[in-house]
Structures are given as structure tokens and as C-alpha cells.
Amino acid sequence: MRKTLALTLALLLMAAALPARAADAMIYQSGFATGTDGWYARSAGSAKVSQLPPNALHIEGRTADWHSPGRDFALVRGTPYTLSVQVRQDEADAADFIISVAHAANGEETYENIVRGTARRGEWVTLSGAYTPGAFDRYVLYVETLGAPTLSYDIRFFRIYAPEGTANMENVKDEAPAVILPVDELPRLKALCAERFDIGLCVPQYLARSAETMAFIRDQFSIVTPENELKPDAVLDMAASRQLAKEDDTAVAVHFDAAKPLLDYAQANGLKVHGHVLVWHSQTPEAFFHEGYDPAKPLVGREVMLARMEHYIREVLTYTGTQYPGVIVSWDVVNEAIDDGTHTLRDSNWLKTVGEDFVSRAFAFARQYAPEGTLLYYNDYNTAIPGKQNGIVRLLEGLIADGTVDGYGFQMHHEITFPTMAAITASVSRVAALGLRLRVSELDIGVNAATEANYASQAAMYGDIMRLMLQYADRVDAVQVWGLCDSQSWRAAKFPLLFDAQRNPKPAFWAVAEALQKQ
Ligand code: 9MR
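Residue indices begin from 1 for each chain and proceed along its sequence in written order. With the structure being a predicted model, the display of local features is reserved for residues of pLDDT at least 70 and the display and counting of side-chain atom pairs for 80 or more, all residues being used for whole-chain, interface and lining totals. To get the side-chain values, all heavy atoms of the structure are used, and hydrogens and water are removed first.

1. Describing the layout of surface pockets
If a probe the size of a water molecule is rolled over the atoms, the empty space left behind becomes visible. Counted only if it meets this: Definitions used throughout: a 1 Å grid over protein atoms alone; a cavity as a set of points that fits a 1.4 Å probe which cannot get out; a pocket as an open set with protein on both sides within 12 Å along at least five of seven lines; a lining residue as one with an atom within 4 Å of a point. Grid points are joined across faces, edges and corners, and a volume is the space filled by probe spheres set on the points. The secondary structure listing takes helices from DSSP runs of H or I that are at least 4 residues long and strands from runs of E that are at least 2 residues long, numbered from the N terminus. Three residue categories are used. Nonpolar comprises Ala, Val, Leu, Ile, Met, Phe, Trp, Tyr, Cys and Pro, charged comprises Asp, Glu, Lys and Arg, and polar comprises the others, including Gly.
What the second largest pocket holds in volume is close to 950 Å³. Along the walls of the second largest pocket sit 48 residues, with Tyr111, Asn228, Lys231, Asp233 and Gln283 positioned nearest its centre. Put simply, the parts of the chain that give the lining of the second largest pocket at least two residues each are strand S8 (94–105), strand S9 (108–120), strand S10 (125–131), helix H3 (205–208), helix H5 (232–235), helix H6 (238–245) and strand S16 (272–280). Per element, the largest residue contribution to the lining of the second largest pocket is eight residues, and it comes from S9. Looking at the lining of the second largest pocket residue by residue, the classes come out as 21 nonpolar, 15 polar and twelve charged.

2. Looking at the packing of helix H8 (residues 302–323) against helix H10 (residues 358–369)
The cut-off we apply is this: To get an axis, a line is fitted to the C-alpha atoms, and for a helix only the part in contact is used. The angle between two axes follows their N-to-C directions and goes from 0 to 180 degrees. Handedness of each helix crossing follows the sense of rotation of the near helix against the far helix: counterclockwise by less than a right angle gives left-handed, clockwise gives right-handed. In this description, contact between two residues means that some pair of their heavy atoms is separated by no more than 4.5 Å.
Interhelical geometry of H8 versus H10 gives an angle of 35° and a closest axis separation of 9 Å. Considering only the axes of H8 and H10, their crossing is right-handed. Across the interface between the two elements, Arg302, Leu306, Met309, Glu310, Ile313, Arg314 and Leu317 from H8 touch Phe358, Arg361, Ala362, Phe365, Ala366, Gln368 and Tyr369 from H10. Partitioned by chemical class, the residues of the contact of H8 with H10 number nine nonpolar, one polar and four charged.

3. A word on the sheet that holds S8
Worth spelling out the cut-off: Being paired, for any two strands, means DSSP has found at least two bridges between them.
Spatially, five strands are ordered S3-S6-S11-S8-S9 in an open sheet, and the strand pairing comes out antiparallel. Of all the strands in the sheet, just strand S3 (40–42) and S9 have a single pairing partner and so form its edges. Put simply, the sheet's adjacent strands are angled 30° from each other on average, direction ignored. Across nine bridges, S8 lies against strand S11 (residues 138–146) in antiparallel orientation. Residue pairing across strands places histidine 103 opposite tyrosine 139, the latter belonging to S11.

In C-alpha cells, the structure reads:
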């Protein structure tokens, strides 16, 4: 514990605020000195924004996290923007905020989280992150909460930076955002893990664009997974697909704008990549399943959808295999196909259009188009729960009979109280007995409050899971955590990762290091 405190202090003293890239210029700054500057309440209810003198915008009357101040911006596809905002709240000891973007293509709205941060009561906190738009017709940037749906709060100095020469958007003054970056003096998990399996994490696009963050990640980890950027909603170019569909309703257009920063970095720095995910019921545009890629038209039939599936998998695997040879070593081919209640295939557009064999067909196409040696994974959560486990095992047995699956990914989004280590151990042992390769694909362990006692329990569970996987080291490909530090986690309110918001190592980090050291 003393070691942790000393390091924490050292890291805090060394942490520095860095400016945006020198070549960037501020192209927009919110003009809340004179009014609401085009900002409005994104709300289905009674949320309202008002100008708060001298230079802020206030929101109140919210009933959902996304009920938030937002504004339309004419962003340009492919431009590497940096966004920042200051946020303050007075109603909770601490609250989590996210800058997000809602984008629409042909009337279908989809969302991305850009950067997260925590504001303690009464303090202005700066959120700053990078965002490069994909191809959409409309972009709304907004500042929402995470787990605080009724909170009232204030924002000011919403700023957009872009490379010199990018068109200004109005209200511009020159000032750089503050970004806290990591400094490291830590044992290297990847060195401790070497010769056994890879240790990795998921990385969202905004972190992939930070050279300092990526250097930190490269030193600690040997494999990375794009958190959202290789999912179908990031990869499918629905507007271009719709054009192609006029000739051929099975043609599929893809782009890799969102994944490129991480893939480029991995390629240049010798990091492996685990691809996530080809076929999933979630984060896949509804239009993908409809005639002419038009969500207003009927769902397509089995043959058309199978052809679209083949074309999508072919395009993704061919592009990544050609542009990034040897970089993506494994793929989640299908994610979360088993239903939590029935333990059979969950109801989804894939099941509706293709039918029960959509999982085995996806694996067959992935095998056909993946570069030789690419490991093909089925990935799911709640494996430690016996009923769900039965369904997962049944699905895996079918794929093993087909000869198309290589491994099973245990997501392991856990709590310190659930599931028990006994249940986790039993689930790993059962799947291992099938003869598959194994990975922990999305490990995080939630606590209800950031107390020393909770952190100790969390550390114990992280250590136990590492020791469990070390027992299967000969067939484990990787253990991956789902994010770098708590404030950037998809469940930031649960402090579930190895590093805290300032990127200081938590007891969980030391427990993982110790488990690896002792073996
Ligand atoms: O971490 C991801 C988060 O940023 C997204 O908002 C979310 C949307 O579905 O997906 C999260 O990642 C999920 C992963 O892709 C599949 N398993 C569950 C993960 C946590 O929800």
C-alpha cells in the first residue's frame, strides 16, 4: 500500500497540463456571454437551457442522461478535431459528464461518446478529447451526464480546435484546453506477462489520437481492441451502400475512418490488435437489414442478408488484412448471440432475416476471408451464470463441429460481489474442456464507491482472475481489460479498472502485477 501511495504522489506531482497540438487553431468557442448561441436542450421532456452570466449555459428540468445542452455543427468528415468544455455542478459530491456526438445519415441517428470526466461539487472541470467525424448528414455535439439523469449543471468555453486552415465556425478566441496526461514509472504488465499470453485493453478513438496516452499503453500492454471503432455502425457506410444498392441490393460499402488511428499506431509500434466485432445484434444500423438499406422498407429475406453478411465480412477482412497485414491477430466474429432469459439465440435482426444458422454462417465466411492464422472467437457475457453458460456451450459445440471457431472470449464485466470466483472458475473450466482457445476479452470489476475496502476487494478479484487464467496459460491468448482508466470506462461510476482518473495505478494494478510476478 505504501508503494502505491508514494507512486501516486510522485505521479500527481509530475502530471502536467499540455496544450492542444501546436498546429491546431480554435475554430469555435461558445458565445454564452450574449445568449445561448444556438445551443438547445436535447430533451423529450421538460429540460431547458438558459444563459448563465457572465459566460455559461445552465440546464435544468432533466429526466434522462441524454437530456443535455447540444448544438448542431457543420463538421467535416475526416477532420481531426479536438473538443473541450468546462462543466460544473452543485448537486452531487461528484458527477460524470461526457461530450458526445449524435450523428444522422438519411434520418437515422447514431451516437458516439468522445470524452468523459468527473466534476466534484462546485468545481469547473475541463473535458477534452479528439474526434474525427465519419460520413454523416448532421452532427450534434452535446454534453451529457453518466448516471445522473436529473442533475442540473452548467457548461462554458465549449471549444473546437482543428488543423490550421480549417474553416472557422464563429465566436473564436485563442486559448488552449488543459489535458492531464500520464507519466509512468511502473512495472510493465506486458513484460511480466511475456511468454505466457498477451495483456491488453480496449482503446477508444479519442485516446488512440493522443501520442502520450498511446506511449503509456504501448509500454504496459501488448494487444489493443478498438472499443467501438470496428463495430458495424462505425464501419458500414450506409449512404454509399444505399447508392450501390440501386444496382445490387447485396453490395456493402465500408470505411475505416474511426479505427484507422489505432490500427496505424498498432502497425507502427508492434502492438497486436484484437478485432471487435463483425456480427452483433447491437451497434449495427437498422437500415442494414432492410430493402435498399431503407429502414422504412421491409426487412430483406435470407438470401439477400446472407449475401450482405458475406460481403461485409469479406470487405472488412480483406481491407484490414491487406492494409494491416499481421496486425489483427484475432476477431470476435459473433458477439452476444445467446439470450439471458431463454439461453437460446436472442431475438435480433440477424435471426429474423437469416435464421438460426446465422452464427455458423458468419464463422464460415470469416474463415473463408480471414488471413491464414487469424483466430476466430465467439464472445459473450455472463458465462459464469449456469443457464446462460449452457446456451453458450451448446452454441460453441455446434461451431466446433463445423470446425470454424478457434476460441471463446469471456467478457467478465463483473462486480466485487458477483459472480463468485467459484462460479467464474467453474465456467472457465467448462469452456476449456471443449478444447477451445480462451481469452478474457472485456474485464472490468465494479465497486459502488471508491473506498479503500472496495479497492482491496476489487484488487483481490483481479488477482484471482489473473491466477485462474495463468493456470490455462498454454491455451489463453490474452487477458484484456475494458478501458485504460476509470473515468474513461463505459461504467465510470463503478471505478472498475486498473488506473484511476489521473492514471495512477490502483490496488488492482498492483494485484495483477503481483499475480504475474509470482508465477
Ligand atoms: O465500451 C463500449 C461503450 O463505449 C459503448 O457505448 C457500448 C455500446 O454498446 O459498447 C461498449 O462495449 C461493449 C462491447 O462492445 C460488448 N460487450 C459489452 C461492452 C460494454 O457495454
